[in-house]
Amino acid sequence: MFPETIRELSAQVLAEYGLAGYMLATAESCTGGLIAGALTDIAGSSKVVDRGFVTYTNIAKTELLGVPASLLHAHGAVSPEVAVAMAVGALAKSRADVTVAVTGIAGPGGGTETKPVGRVYVATAVRGGAAKAKEYTFPGDRDAVRMATVQVALERLRLARPTGSLR
């Protein structure tokens, strides 16, 4: 179902988190659950993946993740501020040690001059630590943007994993 590069990266994330005894959660908008899907496509993922939130609408972001409506109004759903709020909200609403959140414009429509199609923000949050977002602009059609976002989100999860072990 997923490209081999995504499957391999998912398996690496699961192995690294599993060895350390860490759990993760996802908060997804533009990928619609593909990150959680890529992770749970790997057998044994239930030892690491706590849950996934698909919050495609602003109301869902507010209701499920606690993203303030004022933040959405001030910055728009596709912004680093909202990506961070999504990651922090997923941390608060889960048993995860690390979360990843994505929000963006996959296309083909919806882009503007300041927020073009392909613009995505990926944020991670670590329990007891920092939350940060990074901006990306991916080329290609809707499928390409979404798959690139999944890959980057998995890479960011690898980088966000706390050092040390809970075991």
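Residues numbered from 1 in each chain as written. Predicted model: local features only at pLDDT ≥ 70, side-chain atom pairs only at ≥ 80, totals over all residues. Heavy atoms only, no water.

Draft legend 1. Expanded view of the packing of aromatic side chains. In total, this model carries one aromatic pair according to the counting rule given. Measuring from centroid to centroid gives 5.5 Å for Tyr136 and Phe138, while their planes differ by 10°, and the two rings are stacked. Overall, Tyr136 belongs to the buried group, its relative accessible area being 16%. (Phe/Tyr/Trp six-rings, centres within 6.5 Å; stacked < 30°, edge-to-face > 60°. Buried < 20%, exposed > 50% of the residue type's maximum accessible area, 1.4 Å probe, protein only.)

Draft legend 2. Examining the environment of Leu154 more closely. Structurally, Leu154 can be placed in helix H6 (residues 142-160). Each C-alpha atom, one on Leu154 and one on Glu81, is 20 Å from the other, the two residues being 73 residues apart in sequence. Once residues lying within four places of it in the same chain are set aside, the contact partners of Leu154 are Ile6, Leu9, Ser10, Val13, Ile35 and Leu39. (Helix = DSSP H or I, 4+ residues; strand = E, 2+ residues; numbered from the N terminus. Contact = heavy atoms within 4.5 Å.)

Draft legend 3. Looking closely at helix H1 (residues 4-20). Spanning 17 residues, H1 covers 24 Å between terminal C-alpha atoms, matching the ideal 24 Å at 1.5 Å per step. Residues of H1 that are buried: Ile6, Leu9, Ser10, Val13, Leu14, Tyr17, Gly18 and Ala20. Seen from one end, H1 has its buried residues packed into an arc of 165°, which puts them on one side. Of the surrounding elements, those touching the buried residues of H1 are strand E1 (24-28), helix H2 (34-40), strand E2 (49-54), strand E3 (98-104) and H6. Immediately downstream of H1, the backbone of Gly21 shows phi near 80°, a positive value. (Expected span 1.5 Å × (residues − 1). Arc of directions from axis to C-beta.)

Draft legend 4. Quick peek at the pattern of salt bridges. Per the counting criterion, the structure on display carries four salt bridges. Among the ionic pairs, Arg51 bridges to Asp50, the shortest N-O distance being 2.6 Å. With a closest N to O distance of 3.8 Å, Arg119 and Glu135 form a salt bridge. With a gap of 16 residues between them, Arg119 in strand E4 (residues 119-126) and Glu135 in strand E5 (residues 131-137) connect regions that are remote in the sequence. With relative accessibility at 12%, the residue Arg119 sits in the buried group. (Salt bridge = Lys/Arg side-chain N within 4 Å of Asp/Glu carboxyl O.)

Draft legend 5. Layout of H6. Taking 1.5 Å per residue as the helical rise, H6 with its 19 residues ought to reach 27 Å, and the 27 Å between its terminal C-alpha atoms agrees with that figure. Listed as buried for H6 are Val145, Arg146, Thr149, Val150, Val152, Ala153, Leu154, Arg156, Leu157 and Ala160. Backbone nitrogen of Asp143 and a side-chain oxygen of the N-cap are separated by 3.3 Å at the start of H6; the cap is Asp141. (Polar contact = N/O pair within 3.5 Å; in protein donor to acceptor, adjacent residues only side chain to side chain.)

Draft legend 6. Focus on the side chain of Thr99. Among the secondary structure elements, Thr99 is positioned in strand E3. Reaching out from Thr99, the side chain makes a polar contact with the backbone oxygen of Ala87 at a distance of 2.7 Å. With residues up to four places along the chain from it excluded, the contact list for Thr99 reads Ala25, Ala87, Ala90, Leu91, Ser94, Ala123, Thr124, Ala125 and Leu157.

Draft legend 7. Quick look at the pairing of E2. The pairing of E1 with E2 spans five bridges and is classified as parallel. Bridging across to E2, Ala27 finds its partner in Phe53. This β-α-β element, E1 to H2 to E2, shows right-handed connectivity. (Pairing = 2+ DSSP bridges. Right-handed = clockwise from strand over helix to strand, strands pointing away.)

Draft legend 8. Representation of the packing of H1 against H6. Between H1 and H6, whose axes approach to 10 Å, the crossing angle comes to 20°. Taken together, the axes of H1 and H6 lie roughly parallel to each other. Considering only the axes of H1 and H6, their crossing is left-handed. Where H1 approaches H6, its residues Thr5, Ile6, Leu9, Ser10, Gln12, Val13, Glu16 and Tyr17 are matched on the opposing element by Met147, Val150, Gln151, Leu154, Glu155, Leu157, Arg158 and Ala160. Considering only residue class, the contact of H1 with H6 consists of nine nonpolar, four polar and three charged. (Axes fitted to C-alpha atoms, helices over the stretch in contact; angles between N-to-C directions. Parallel < 35°, antiparallel > 145°, perpendicular 65-115°, else oblique. Left-handed = near helix turned anticlockwise from the far one by under 90°. Nonpolar A, V, L, I, M, F, W, Y, C, P; charged D, E, K, R; others polar.)

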